[in-house]
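Working through the structure, step by step
Spelled out from the first residue to the last, the chains are:
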Amino acid sequence: MKGEIFLEMRGIKKSFGSQVVLRGVDLDVYRGETLVLLGTSGGGKSVLMKHMVGLLQPDEGTVTLEGKLISNLSERELSWARRKISMMFQNGALFDSLTVGGNIAFPLREAGIKNPEEISKRVCGALEIVKLPGQEDKMPSDLSGGMRKRVALARAVVEKPCCVLYDEPHAGLDPITGDSIDHLIKDLANDHGITNVIVTHEIRSMFRIADRVVFMKEGLVYWQGTPAELKASKDPVLVNFIEGRSEDSDL
Ligand SMILES: Nc1ncnc2c1ncn2[C@@H]1O[C@H](COP(=O)(O)OP(=O)(O)OP(=O)(O)O)[C@@H](O)[C@H]1O
Ligand SMILES: [Mg+2]
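A brief look at the structure comes next. (Residues numbered from 1 in each chain as written. Chains lettered and ligands numbered in written order. Predicted model: local features only at pLDDT ≥ 70, side-chain atom pairs only at ≥ 80, totals over all residues.)

Quick word on helix H6 (residues 175-192)
- The end-to-end C-alpha distance of H6 is 25 Å, a good match for the 26 Å that 18 residues give at a rise of 1.5 Å each.
- Within the sequence span of H6, burial applies to Ile-181, Asp-182, Leu-184, Ile-185 and Leu-188. Viewed end-on, H6 has its buried residues packed into an arc of 155 degrees, placing them on one side of the element. Pointing more than 90 degrees away from the buried face of H6 are the exposed residues Pro-175, Ile-176, His-183, Asp-187, Asn-190 and Asp-191. (Helix = DSSP H or I, 4+ residues; strand = E, 2+ residues; numbered from the N terminus. Expected span 1.5 Å × (residues − 1). Buried ≥ 20, exposed ≤ 12 C-beta atoms within 10 Å, placed from the backbone. Arc of directions from axis to C-beta.)

Okay, here's the thing in C-alpha coordinates:
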(Lines give C-alpha, C1' and ligand atoms only; values in the text may rest on other atoms or scores of the structure.)
(Ligands and ions follow the chains in the order given, each with its own letter.)
Protein backbone atom coordinates (compact mmCIF):
# COMPACT_ATOMS: atom_id res chain seq x y z
CA MET A 1 0.00 0.00 0.00
CA LYS A 2 1.68 3.15 -1.14
CA GLY A 3 0.33 6.61 -1.60
CA GLU A 4 0.90 9.88 0.11
CA ILE A 5 4.11 10.11 2.12
CA PHE A 6 3.34 10.96 5.74
CA LEU A 7 6.86 10.99 7.13
CA GLU A 8 10.10 11.15 5.21
CA MET A 9 13.57 10.53 6.62
CA ARG A 10 16.62 11.27 4.51
CA GLY A 11 20.26 10.56 5.29
CA ILE A 12 19.77 10.30 9.05
CA LYS A 13 23.06 9.96 10.87
CA LYS A 14 23.35 9.75 14.63
CA SER A 15 26.24 9.00 16.96
CA PHE A 16 26.50 8.95 20.73
CA GLY A 17 30.06 9.92 21.57
CA SER A 18 32.26 7.71 19.44
CA GLN A 19 29.51 5.16 18.83
CA VAL A 20 27.91 5.52 15.40
CA VAL A 21 24.33 4.23 15.62
CA LEU A 22 22.63 5.47 12.44
CA ARG A 23 24.75 5.73 9.30
CA GLY A 24 22.45 7.44 6.83
CA VAL A 25 18.90 6.09 7.04
CA ASP A 26 16.41 6.82 4.25
CA LEU A 27 12.89 5.83 5.13
CA ASP A 28 9.37 6.76 4.01
CA VAL A 29 6.22 6.14 6.02
CA TYR A 30 3.03 6.26 3.93
CA ARG A 31 -0.21 7.62 5.34
CA GLY A 32 -2.44 4.90 6.75
CA GLU A 33 0.04 2.07 6.45
CA THR A 34 1.20 -0.32 9.16
CA LEU A 35 4.96 -0.43 8.91
CA VAL A 36 7.03 -2.90 10.91
CA LEU A 37 10.67 -2.18 11.70
CA LEU A 38 12.81 -5.26 12.21
CA GLY A 39 16.47 -5.60 13.08
CA THR A 40 18.95 -7.00 15.53
CA SER A 41 18.99 -5.81 19.11
CA GLY A 42 21.06 -2.67 19.59
CA GLY A 43 20.88 -1.89 15.86
CA GLY A 44 19.27 1.51 16.32
CA LYS A 45 15.53 0.89 15.91
CA SER A 46 14.51 2.76 19.06
CA VAL A 47 16.92 5.57 18.24
CA LEU A 48 15.44 5.86 14.74
CA MET A 49 11.91 5.86 16.11
CA LYS A 50 12.72 8.70 18.50
CA HIS A 51 13.82 10.76 15.48
CA MET A 52 10.35 10.32 13.97
CA VAL A 53 8.80 12.49 16.65
CA GLY A 54 11.70 14.80 17.40
CA LEU A 55 12.69 13.19 20.70
CA LEU A 56 16.15 12.93 19.19
CA GLN A 57 17.66 15.21 16.58
CA PRO A 58 19.91 13.82 13.82
CA ASP A 59 23.56 14.82 13.52
CA GLU A 60 22.95 14.91 9.77
CA GLY A 61 19.89 14.40 7.59
CA THR A 62 16.28 15.52 7.64
CA VAL A 63 12.93 14.37 8.98
CA THR A 64 9.88 15.77 7.22
CA LEU A 65 6.35 15.32 8.56
CA GLU A 66 3.52 16.10 6.14
CA GLY A 67 6.01 18.11 4.10
CA LYS A 68 7.21 20.18 7.06
CA LEU A 69 10.76 19.84 8.31
CA ILE A 70 10.74 18.72 11.95
CA SER A 71 14.40 17.89 12.41
CA ASN A 72 15.36 21.47 13.19
CA LEU A 73 12.48 22.57 15.40
CA SER A 74 12.67 23.74 19.00
CA GLU A 75 10.82 21.81 21.72
CA ARG A 76 8.02 24.39 21.63
CA GLU A 77 7.59 24.18 17.86
CA LEU A 78 7.64 20.39 18.09
CA SER A 79 4.33 20.30 19.96
CA TRP A 80 2.71 20.35 16.52
CA ALA A 81 4.44 17.08 15.60
CA ARG A 82 3.75 15.56 19.00
CA ARG A 83 0.02 16.06 18.53
CA LYS A 84 0.16 14.19 15.23
CA ILE A 85 2.40 11.38 16.36
CA SER A 86 2.39 9.68 19.71
CA MET A 87 4.79 7.07 20.92
CA MET A 88 4.37 3.98 23.03
CA PHE A 89 7.78 3.52 24.63
CA GLN A 90 9.67 0.25 24.87
CA ASN A 91 9.33 0.14 28.67
CA GLY A 92 5.75 1.43 28.85
CA ALA A 93 7.00 4.48 30.77
CA LEU A 94 3.88 4.96 32.91
CA PHE A 95 4.03 7.48 35.73
CA ASP A 96 4.02 5.28 38.83
CA SER A 97 2.61 8.03 41.02
CA LEU A 98 -0.45 8.55 38.81
CA THR A 99 -3.46 6.26 38.52
CA VAL A 100 -4.25 4.57 35.22
CA GLY A 101 -6.76 7.34 34.54
CA GLY A 102 -4.20 10.01 35.43
CA ASN A 103 -1.67 8.47 33.10
CA ILE A 104 -4.07 8.34 30.18
CA ALA A 105 -5.33 11.86 30.87
CA PHE A 106 -1.79 13.24 30.84
CA PRO A 107 -1.52 13.97 27.09
CA LEU A 108 -4.98 15.56 27.16
CA ARG A 109 -3.94 17.93 29.94
CA GLU A 110 -0.71 18.64 28.07
CA ALA A 111 -2.83 19.60 25.06
CA GLY A 112 -4.70 22.11 27.24
CA ILE A 113 -7.95 20.20 27.72
CA LYS A 114 -9.29 21.17 31.15
CA ASN A 115 -12.92 20.10 31.24
CA PRO A 116 -13.04 17.16 33.72
CA GLU A 117 -16.07 15.62 32.04
CA GLU A 118 -14.44 15.61 28.64
CA ILE A 119 -11.23 14.19 30.12
CA SER A 120 -13.02 11.39 31.91
CA LYS A 121 -15.09 10.58 28.82
CA ARG A 122 -12.01 10.33 26.65
CA VAL A 123 -10.06 8.30 29.22
CA CYS A 124 -13.01 5.94 29.47
CA GLY A 125 -13.15 5.63 25.66
CA ALA A 126 -9.42 4.94 25.41
CA LEU A 127 -9.68 2.22 28.07
CA GLU A 128 -12.50 0.64 26.10
CA ILE A 129 -10.34 0.62 22.96
CA VAL A 130 -7.65 -1.34 24.80
CA LYS A 131 -10.23 -3.65 26.43
CA LEU A 132 -9.60 -2.43 29.98
CA PRO A 133 -12.87 -0.70 30.78
CA GLY A 134 -13.34 0.70 34.28
CA GLN A 135 -9.70 0.39 35.39
CA GLU A 136 -9.16 4.15 35.84
CA ASP A 137 -8.45 4.05 39.56
CA LYS A 138 -5.81 1.33 39.65
CA MET A 139 -2.17 2.23 40.19
CA PRO A 140 0.40 1.08 37.59
CA SER A 141 2.11 -1.09 40.24
CA ASP A 142 -1.10 -3.11 40.60
CA LEU A 143 -1.23 -4.03 36.91
CA SER A 144 0.15 -7.05 35.11
CA GLY A 145 2.78 -6.48 32.42
CA GLY A 146 0.21 -6.92 29.65
CA MET A 147 -2.17 -4.47 31.29
CA ARG A 148 0.62 -1.89 31.61
CA LYS A 149 1.29 -2.23 27.89
CA ARG A 150 -2.35 -1.70 27.14
CA VAL A 151 -2.55 1.36 29.41
CA ALA A 152 0.52 2.73 27.61
CA LEU A 153 -1.31 2.06 24.35
CA ALA A 154 -4.43 3.84 25.63
CA ARG A 155 -2.29 6.83 26.58
CA ALA A 156 -0.73 6.82 23.10
CA VAL A 157 -4.11 6.90 21.33
CA VAL A 158 -6.21 9.07 23.66
CA GLU A 159 -5.37 12.29 21.86
CA LYS A 160 -6.43 10.77 18.52
CA PRO A 161 -3.07 11.10 16.81
CA CYS A 162 -2.62 10.54 13.06
CA CYS A 163 0.20 8.15 13.77
CA VAL A 164 1.27 5.90 16.61
CA LEU A 165 4.81 4.60 17.08
CA TYR A 166 5.06 1.39 19.11
CA ASP A 167 8.41 0.31 20.46
CA GLU A 168 8.13 -3.43 21.09
CA PRO A 169 4.47 -3.61 22.08
CA HIS A 170 4.67 -7.42 22.27
CA ALA A 171 7.74 -7.78 24.47
CA GLY A 172 7.06 -9.78 27.61
CA LEU A 173 3.45 -10.58 26.74
CA ASP A 174 1.87 -14.00 26.50
CA PRO A 175 0.77 -14.96 22.95
CA ILE A 176 -2.91 -14.29 23.66
CA THR A 177 -2.31 -10.78 25.00
CA GLY A 178 0.12 -10.19 22.14
CA ASP A 179 -2.65 -11.23 19.77
CA SER A 180 -5.03 -8.72 21.34
CA ILE A 181 -2.41 -5.99 20.87
CA ASP A 182 -2.21 -6.98 17.17
CA HIS A 183 -5.97 -6.62 16.87
CA LEU A 184 -5.85 -3.21 18.52
CA ILE A 185 -3.17 -2.03 16.12
CA LYS A 186 -5.11 -3.28 13.09
CA ASP A 187 -8.36 -1.75 14.40
CA LEU A 188 -6.65 1.61 14.81
CA ALA A 189 -5.53 1.41 11.19
CA ASN A 190 -8.77 0.09 9.74
CA ASP A 191 -11.35 1.95 11.83
CA HIS A 192 -9.51 5.17 12.59
CA GLY A 193 -7.10 5.47 9.64
CA ILE A 194 -4.13 5.70 11.99
CA THR A 195 -0.65 5.22 10.55
CA ASN A 196 1.25 2.66 12.60
CA VAL A 197 4.99 2.17 12.92
CA ILE A 198 5.95 -0.82 15.03
CA VAL A 199 9.28 -2.12 16.23
CA THR A 200 8.87 -5.75 17.18
CA HIS A 201 10.78 -8.99 17.45
CA GLU A 202 7.55 -10.99 17.11
CA ILE A 203 7.78 -12.43 13.62
CA ARG A 204 4.32 -13.97 13.85
CA SER A 205 2.78 -10.60 14.64
CA MET A 206 4.78 -8.94 11.89
CA PHE A 207 3.28 -11.30 9.32
CA ARG A 208 -0.20 -10.60 10.65
CA ILE A 209 -0.14 -6.83 10.91
CA ALA A 210 2.45 -5.40 8.53
CA ASP A 211 1.61 -3.81 5.19
CA ARG A 212 5.31 -3.20 4.73
CA VAL A 213 8.49 -4.26 6.49
CA VAL A 214 11.78 -2.42 6.89
CA PHE A 215 14.79 -4.42 8.04
CA MET A 216 17.60 -2.45 9.68
CA LYS A 217 21.16 -3.65 9.97
CA GLU A 218 24.21 -1.83 11.24
CA GLY A 219 22.56 1.56 11.25
CA LEU A 220 21.16 1.39 7.71
CA VAL A 221 18.00 0.19 6.00
CA TYR A 222 19.16 -3.18 4.73
CA TRP A 223 15.95 -4.32 3.05
CA GLN A 224 12.33 -3.23 2.64
CA GLY A 225 9.27 -4.86 1.10
CA THR A 226 5.99 -6.58 1.85
CA PRO A 227 5.66 -9.48 4.31
CA ALA A 228 5.10 -11.80 1.32
CA GLU A 229 8.32 -10.60 -0.31
CA LEU A 230 10.14 -11.13 2.97
CA LYS A 231 8.80 -14.66 3.22
CA ALA A 232 9.96 -15.40 -0.32
CA SER A 233 13.42 -13.88 0.17
CA LYS A 234 16.43 -16.15 -0.04
CA ASP A 235 18.80 -13.58 1.50
CA PRO A 236 20.52 -15.51 4.32
CA VAL A 237 20.48 -12.45 6.62
CA LEU A 238 16.70 -12.21 6.34
CA VAL A 239 16.10 -15.97 6.39
CA ASN A 240 18.20 -16.38 9.56
CA PHE A 241 16.41 -13.50 11.24
CA ILE A 242 12.95 -14.82 10.40
CA GLU A 243 13.87 -18.32 11.52
CA GLY A 244 15.68 -17.05 14.62
CA ARG A 245 19.07 -18.57 13.78
CA SER A 246 22.41 -17.02 14.65
CA GLU A 247 25.01 -17.06 11.88
CA ASP A 248 27.15 -19.76 13.55
CA SER A 249 24.17 -21.87 14.60
CA ASP A 250 24.14 -25.57 13.75
CA LEU A 251 21.09 -26.46 15.85
N1 LIG B 1 20.66 8.39 24.64
C2 LIG B 1 21.65 7.53 24.33
N3 LIG B 1 22.92 7.76 24.72
C4 LIG B 1 23.92 6.93 24.40
N5 LIG B 1 23.76 5.80 23.68
C6 LIG B 1 22.51 5.50 23.27
C7 LIG B 1 21.40 6.34 23.58
N8 LIG B 1 20.29 5.80 23.03
C9 LIG B 1 20.70 4.66 22.41
N10 LIG B 1 22.03 4.49 22.55
C11 LIG B 1 22.81 3.38 21.98
O12 LIG B 1 22.47 3.23 20.62
C13 LIG B 1 22.48 1.87 20.24
C14 LIG B 1 21.17 1.52 19.57
O15 LIG B 1 20.16 1.54 20.56
P16 LIG B 1 18.63 1.26 20.25
O17 LIG B 1 17.93 1.38 21.55
O18 LIG B 1 18.16 2.11 19.14
O19 LIG B 1 18.66 -0.26 19.76
P20 LIG B 1 17.43 -1.16 19.28
O21 LIG B 1 17.65 -1.51 17.85
O22 LIG B 1 16.17 -0.48 19.64
O23 LIG B 1 17.64 -2.46 20.16
P24 LIG B 1 16.55 -3.41 20.92
O25 LIG B 1 16.00 -4.31 19.86
O26 LIG B 1 17.40 -4.16 21.91
O27 LIG B 1 15.56 -2.52 21.57
C28 LIG B 1 22.77 1.07 21.52
O29 LIG B 1 24.13 0.71 21.52
C30 LIG B 1 22.47 2.06 22.63
O31 LIG B 1 23.27 1.84 23.76
MG1 LIG C 1 14.74 -0.81 21.05
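Okay, back to it.
Some remarks on the nonpolar core
- Within the largest apolar cluster, 64 residues are counted, with the highest numbers of intra-cluster contacts made by Val-36, Leu-37, Ile-104, Ala-154, Val-164, Leu-165 and Val-197.
- Among the elements that make up this core, the one with the highest residue count is helix H5 (residues 145-157) (six residues).
- Beyond its immediate sequence surroundings of up to four residues, Val-197 is in contact with Val-29, Leu-35, Leu-37, Met-49, Met-52, Cys-163 and Leu-165. (Core = buried A, V, L, I, M, F, W, Y, C linked by C-beta atoms within 7 Å. Contact = placed C-beta atoms within 7 Å.)

Observations concerning the sheet that holds strand S10 (residues 220-225)
- Pairing within the open sheet is mixed, and its six strands lie in the order S6-S7-S8-S3-S9-S10. Bordering the open sheet on either side are strand S6 (85-88) and S10, each of which pairs with just one other strand. Pairs of neighbouring strands in the sheet enclose a mean axial angle of 20 degrees, with direction left out of account.
- Judged from the five bridges that link them, strand S3 (residues 34-39) and strand S9 (residues 212-217) form a sheet pairing that is parallel. Looking at S9, one finds that Val-36 is bridged to Val-213. (Pairing = 2+ DSSP bridges. Axes fitted to C-alpha atoms, helices over the stretch in contact; angles between N-to-C directions.)

Some thoughts on the environment of Thr-40
- Examined against the element boundaries, Thr-40 turns out to sit in the loop between S3 and helix H1 (45-52).
- For Thr-40, a count of 14 C-beta atoms within 10 Å gives the class partly exposed.

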